[in-house]
Amino acid sequence: MSEHHDHDHEAPRRHRHPLQPDADDTLTYHRKLEIAVRELLIEKGIFTADDVRAAIEELDGRTPDRGSRVVARAWVDPEYKALLLKDARKACESLGFDMDLFDVTLTVVENTPKVHNVIVCTLCSCYPRMLLGLPPSWYKSRAYRSRMVKEPRVVLKEFGLELPEDVTVRVHDSTADLRYLVLPMRPEGTAGMSDRLVTRDSMIGVALAQRPR
Amino acid sequence: MKRAFDPGDRVRVRKVDAPGHIRTPYYIRGKEGEIERFCGFFRNPEELAYGRYDCEQRALYRVRFLQRHVWPDYGGPRHDTVDIDIYEHWLERI
Amino acid sequence: MKGYHDLGGESAGPIETKEKEPTLWEKRVEALLMLLTRRGVLKVDENRRALESLGADAYHNATYAERRVMAISNNLILKGVISVDELSARLAEIDRRADPLP
């Protein structure tokens, strides 16, 4: 099956899933529903139009860069790393990140030479949004949610990551009040390099942190 | 608040059908695992889902399962695991 | 009884890994949910319960943002925050607008 999905985004897709068009310029029923609900809530004083704009700016500001900064700091500062693994909220707040999102608790799981962690949410789309922002489409997809928990090594291979047999693959199915973030291992020979090594995918666990090519 | 389990305890996930909004995935019901850690007390999502915000809190645990036990045809090595957060009322002591 | 949202272990095809930036309207849906939870109107658990009550067809055929806006509006009606009548009237009014898109 793997020949159908190398991770090269330029490659032709032979198995495209039918995606509903959701271009911003089409007035679909669901778009009308969003407009109607938003307007009614503003009129009822639940929130203001400015609140909506501010919330969108906040969403735009939450990018995987936050996660990368946290990981890069943990790589060079053992005390910070210990705090991150014990109380991720406190560790992230100390870098100035607002962690109040949907009443959930961030938990960081550490990759080691013997354990590789990867996250999924089989019931919905729980994701460490406070540090990574909105989840990518594939993370929310039926295929990822169905398969990652049952055949993680096959799925990881499709993402281009093949792990030796002696490494334990540990899948975290986020079902409750915790949100998981993977602390990837620092690649060899990268002392002095910055958080550019830490990709979003390495913090989900579908890739390793890597030297820029 | 009291809790029933400690890290290292062996548990089985209750194999039942239940009404409403459930956060215990179907594939793990009836499976046996080990308490990896106690995660804290959290309000029961099965009640929160229906707007009962003042419902009682429940102990939440991270439970570790061997993939080969969860999926008899699992293709990877025997030490691979799946870790799932499960509320106490879904767990029974083995 | 396994819910249609409870996907762990289902057989499924390849994972479409093409990246896609969220559109403005998709972000508006996210913003609505963020604001409603912060104002104490809605909890994410209630939003999930609503998603699990859309029916399998809507759940699997609608996009992520479409599912979420349906769940939000169903919950707001259920909680009495907005009425069916005012929502219907507003939808009809949007249809009559010369330039309905914000």
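Within every chain, residues take consecutive numbers counted from 1 along the sequence as written. Labels are handed out in written order, letters beginning with A for the chains and numbers beginning with 1 for the ligands. Selection of residues for local features in this predicted model requires a pLDDT of at least 70, selection of side-chain atom pairs for listing and counting requires 80 or more, and totals for whole chains, interfaces and linings are taken over all residues. With hydrogens and water excluded, all non-hydrogen atoms of the structure serve as input to the side-chain values.

Visitor: Describe the interface of chain B and chain A, listing the residues and the values that go with them.
Guide: Interfaces are frequently sized by the accessible area removed from exposure as the parts join. Opposite the 24 residues of chain B that make contact, chain A presents 27 residues. The quantity reported as buried area is the accessible area (1.4 Å probe) lost by two parts once they are put together, taken as the sum for both. Between chain B and chain A, roughly 2,000 Å² of surface is buried when both sides are summed, and carbon and sulfur atoms account for 48% of that area. Salt bridges are identified by distance alone: a Lys or Arg side-chain nitrogen within 4 Å of an Asp or Glu carboxyl oxygen. Inspection of the chain B/chain A interface yields one salt bridge. With a closest N to O distance of 2.7 Å, A:R153 and B:D80 form a salt bridge. Numbering of helices and strands runs from the N terminus; a helix is a DSSP stretch of H or I covering at least four residues, while a strand is a stretch of E covering at least two. It is strand 4 (residues 81-87) of chain B that contributes the most residues to the side of chain B that touches chain A, six residues altogether. Amino acids are sorted into nonpolar (Ala, Val, Leu, Ile, Met, Phe, Trp, Tyr, Cys and Pro), charged (Asp, Glu, Lys and Arg) and polar (every other residue, Gly among them). When the residues that make up the side of chain B that touches chain A are grouped by side-chain class, the tally is twelve nonpolar, five polar and seven charged. For two strands to count as paired, DSSP must find a minimum of two bridges between them. Note: strand 3 (residues 168-173) of chain A against strand 4 of chain B, four bridges, orientation parallel. Each bridged residue has a counterpart across the sheet, and for A:H172 the counterpart in strand 4 of chain B is B:D83. In this description, contact between two residues means that some pair of their heavy atoms is separated by no more than 4.5 Å.

Visitor: Quick one: what's the story with the state of the cysteines, residue by residue and with numbers?
Guide: Any pair of cysteine sulfurs within 2.5 Å is marked as a disulfide. The final tally for this structure, using the stated rule, is zero disulfides over all chains. A:C92 carries a free sulfur, and the closest cysteine sulfur to it, the one in B:C39, is 17 Å from it. Exposure categories follow from relative accessible area, calculated using a 1.4 Å probe and restricted to protein chains: below 20% of the type maximum is buried, above 50% is exposed, and the middle band is partly exposed. Classification of A:C92 as buried rests on a relative accessible area of 0%. Looking at A:C121, it has no disulfide partner, and the nearest cysteine sulfur is the one in A:C124, 3.5 Å off.

Visitor: Can you lay out the sheet that holds strand 3 (residues 57-66) of chain B for me, pointing to particular residues and giving the numbers?
Guide: Spatially, 2(A)-3(A)-4(B)-3(B)-2(B)-1(B)-5(B) is the arrangement adopted by the seven strands of the open sheet, whose pairing is mixed. Of all the strands in the sheet, just strand 2 (115-120) of chain A together with strand 5 (91-93) of chain B have a single pairing partner and so form its edges. Within this sheet the neighbouring strands show an average axis-to-axis angle of 35°, counted without direction. For helices, the axis comes from a line fit to the C-alpha atoms of the stretch in contact; other axes are also lines fit to C-alpha atoms, and the angle between any two N-to-C directions lies between 0 and 180 degrees.

Visitor: Explain the domain arrangement of chain A residue by residue, including any values.
Guide: Residues and elements named next belong to chain A. By the assigned domains, chain A splits into domain 1 (25-61) and domain 2 (63-204). Residue ranges assigned to the domains are those given by an automatic or database domain assignment. Each of domain 1 and domain 2 has a C-alpha centre, and these two points are 30 Å apart. It is E58, L59 and G61 in domain 1 that bury the most area against domain 2; as a group they hold 88% of the surface buried on that side. Summed over the shared surface of domain 1 and domain 2, the result is zero salt bridges. Polar contacts, as used here, are pairs of N or O atoms within 3.5 Å; protein pairs need one atom able to donate a hydrogen and one able to accept it. Residues neighboring in sequence count only if both atoms are side-chain atoms. Our enumeration of links across domain 1 and domain 2 arrives at one residue pair in polar contact (both at pLDDT 80 or more). Broken down by class, the residue content of the side of domain 1 that touches domain 2 amounts to one nonpolar, one polar and two charged.

Visitor: If you had to explain the interface of chain A and chain C to someone new, which residues and values would you point to?
Guide: Taken together, the contact between chain A and chain C spans 68 residues of the former and 62 residues of the latter. The junction of chain A with chain C conceals about 6,200 Å² of combined surface from both sides, 63% of it contributed by carbon and sulfur atoms. For the pair chain A and chain C, the interface holds ten salt bridges. With a closest N to O distance of 2.9 Å, A:D51 and C:R39 form a salt bridge. The interface formed by chain A and chain C includes 21 residue pairs in polar contact (both at pLDDT 80 or more).

Visitor: Break down helix 2 (residues 44-51) of chain C for me, with residues and values.
Guide: Of all eight residues in helix 2 of chain C, eight are buried; the element is thus mostly enclosed. All of the buried residues in helix 2 of chain C are C:V44, C:D45, C:E46, C:N47, C:R48, C:R49, C:A50 and C:L51. Elements that come into contact with the buried residues of helix 2 of chain C comprise strand 4 (178-183) of chain A, helix 1 (45-48) of chain B together with helix 1 (24-38), helix 3 (56-61) and helix 4 (64-78) of chain C.

Visitor: Which residues make up the packing of aromatic side chains, and what values go with them?
Guide: Residue and element names in this part refer to chain A. In this scheme Phe, Tyr and Trp rings, the latter by its six-membered ring, pair at centre separations within 6.5 Å, and the angle between planes marks the pair as stacked below 30 degrees, edge-to-face above 60, and tilted otherwise. Under the counting rule described, the total for this entry stands at eleven aromatic pairs over all chains. An angle of 65° between the planes, with centres 6.3 Å apart, marks the rings of W138 and Y139 as edge-to-face. Each member of the pair, W138 together with Y139, is buried. Put simply, the rings of Y127, W138, Y139, Y144 and F159 touch in pairs and so form one group of aromatic residues.

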